[in-house]
Amino acid sequence: MDDLMSMTLKEWKCRIKGSYHSIYDSMESNLHAAASFAMANNGKKLNKFIKEIKDGRERLVNDDIEVDKKAKRHEAQKIRELQIKQAPEFLENNEQLIESDFFKNWSKEKSKEVPDGN
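Note that this is a predicted model, so its numbers are computed, not measured.

Colleague: Describe the overall build of the chain, and please don't skip the residues or the numbers.
Modeller: Counting its secondary structure elements, the chain contains five helices and zero strands. Traced from its N-terminal end to its C-terminal end, the chain shows the element sequence α-α-α-α-α. Split into buried and exposed, the 118 residues of the chain put 7% on the buried side. Counting only carbon and sulfur atoms, one obtains 57% of the accessible surface of the chain, whose full area is about 10,800 Å².

Structure follows, in structure tokens:
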């Protein structure tokens, strides 16, 4: 009992993944038995069962890293859409800033820094 209480979060996740792997192993074992039985009786296909095992294993392998990447990509996309949506209003409200000498000089300096590709 003390071993279970002293486990870290990562150890718990590994143990849970291991139990899912065990479930999929037993499903795969059942699949082989069912496939031989089905082939002996009437030749029904077991594609749904095969797909379920394959998808379950892929979900375990891909882990939380892919979920985090997708969440970050989605968040960045939402921010970009918001920026595009609010850009016209921002430009209208900050017209004086854009027309100021500071901004014009700054944008000229930045355009000089960019190589022209020749």
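Colleague: Let's hear about a nonpolar patch on the surface: which residues, and what values?
Modeller: Residues Leu9, Trp12, Ile16, Tyr20 and Ile23 make up a contiguous nonpolar surface patch of roughly 490 Å² in combined accessible area. Along the chain, Ile23 falls in helix H2 (residues 9-41).

Colleague: Can you break down the nonpolar core residue by residue, with the values?
Modeller: Counting five residues, the largest nonpolar core is built from Tyr24, Met27, Leu31, Ile53 and Leu60. Listing elements by their share of this core, those giving two or more residues are H2 and helix H3 (47-93). If you tally residues by element for this core, the top one is H2, at three residues.

Colleague: Could you give an account of a negative patch on the surface, naming the residues involved and the relevant values?
Modeller: On the surface, Glu89, Glu92, Glu95 and Glu99 cluster together into a patch of negative charge. Sorting the residues of the negative patch by element identifies H3 and helix H4 (95-99) as the ones contributing at least two each. Among the structural elements, Glu99 can be located in helix H4. Among the residues examined, Glu99 registers a relative accessible area of 48% and is labelled partly exposed.

Colleague: Please set out the environment of Tyr20 residue by residue, giving values where relevant.
Modeller: Looking at the element boundaries, Tyr20 is found in helix H2. Between the C-alpha atoms of Tyr20 and Arg57, which are 37 residues apart in sequence, the distance is 8.5 Å.

Colleague: Can you tell me about the pattern of salt bridges, naming the residues and giving the values?
Modeller: One pass over the full model with this rule turns up one salt bridge. Two residues, Asp55 and Lys51, come together in a salt bridge whose shortest N-O distance is 3.1 Å. Here Asp55 and its partner Lys51 are both found in helix H3, four residues apart, which amounts to about one turn of the helix.

Conventions adopted
Residues numbered from 1 in each chain as written. Predicted model: local features only at pLDDT ≥ 70, side-chain atom pairs only at ≥ 80, totals over all residues. Heavy atoms only, no water. Helix = DSSP H or I, 4+ residues; strand = E, 2+ residues; numbered from the N terminus. Buried < 20%, exposed > 50% of the residue type's maximum accessible area, 1.4 Å probe, protein only. Areas by Shrake-Rupley, 256 points an atom, 1.4 Å probe, with all protein chains shown as cover. Patch = residues over 30% accessible without salt bridge, like charges linked within 9 Å, V, L, I, M, F, W, Y side chains within 5 Å. Salt bridge = Lys/Arg side-chain N within 4 Å of Asp/Glu carboxyl O. Core = buried A, V, L, I, M, F, W, Y, C linked by side-chain atoms within 4.5 Å. Lys, Arg positive; Asp, Glu negative; His and termini not counted. Charge placed at Lys NZ, Arg CZ, Asp CG, Glu CD.

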